[in-house]
Amino acid sequence: SNVYMQQNDLERAFNILEQVQARDQDVIRQRELMILNIAERLGKTDRAQQAAERLFGLRLDAAQQMSLM
């Protein structure tokens, strides 16, 4: 998905990230941060909000939590 993001193919990067089945908390955090970024850029506000809510539920440091607000 990083390749597609670099090529500015955000829709394809978004679709790939949505299919990632992560079990590790670090991978989930990374995936949701990327989805949040792409969803905002694509105007997918519902999915961006869902990613922010998921991230808020994870153990994030204070700076990361503040960036979600």
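Data block above holds the structure.
Just so you know, these numbers come straight off a predicted model, no measurement behind them.

K.L.:
Break down the overall build of the chain for me, with residues and values.
P.N.:
A count of helices and strands for the chain gives 5 helices and 0 strands. Each of the 69 residues in the chain was classed as buried or not, and the buried ones make up 30%. In the chain, the proportion of contacts linking residues at least 24 apart, taken out of those at least 6 apart, comes to 41%. Element-wise, carbon and sulfur atoms account for 45% of the exposed surface of the chain, whose accessible area totals about 4800 Å².

K.L.:
Which residues make up the environment of Arg47, and what values do they have?
P.N.:
Its place among the elements puts Arg47 in helix α4 (residues 45-57). In contact with Arg47, other than residues within four places in its own chain, are Phe14, Glu18, Glu32, Ile35, Ala39 and Arg54. A distance of 2.9 Å separates the side chain of Arg47 from the side chain of Glu18, its partner in a polar contact.

K.L.:
Would you mind going over the nonpolar core in detail, with residue names and values included?
P.N.:
Residues Phe14, Leu17, Ile35, Leu36 and Ile38 are the most contacted members of the largest nonpolar core, which totals 14 residues. Top element by residues in this core is helix α3 (residues 25-42). It accounts for 5 residues. Those residues in contact with Ile35 that lie beyond four places of it in its chain are Phe14, Leu17, Glu18, Arg47 and Ala51.

K.L.:
So what about the pattern of salt bridges? Which residues, and what values?
P.N.:
Under the defined criterion, the tally for this structure stands at 7 salt bridges. Of the charged contacts in the structure, one is a salt bridge between Arg47 and Glu32, with a shortest N-O distance of 3.2 Å. Highlighted residues: Arg47 in helix α4 and Glu32 in helix α3, separated in sequence by 15 residues. Given a relative accessible area of 10%, Arg47 falls into the buried group. Bridged by salt links that share partners, the residues Glu18, Arg31, Glu32, Arg47 and Arg54 form one connected network.

Definitions and cut-offs
- Residues numbered from 1 in each chain as written.
- Predicted model: local features only at pLDDT ≥ 70, side-chain atom pairs only at ≥ 80, totals over all residues.
- Heavy atoms only, no water.
- Helix = DSSP H or I, 4+ residues; strand = E, 2+ residues; numbered from the N terminus.
- Buried < 20%, exposed > 50% of the residue type's maximum accessible area, 1.4 Å probe, protein only.
- Contact = heavy atoms within 4.5 Å.
- Areas by Shrake-Rupley, 256 points an atom, 1.4 Å probe, with all protein chains shown as cover.
- Polar contact = N/O pair within 3.5 Å; in protein donor to acceptor, adjacent residues only side chain to side chain.
- Core = buried A, V, L, I, M, F, W, Y, C linked by side-chain atoms within 4.5 Å.
- Salt bridge = Lys/Arg side-chain N within 4 Å of Asp/Glu carboxyl O.

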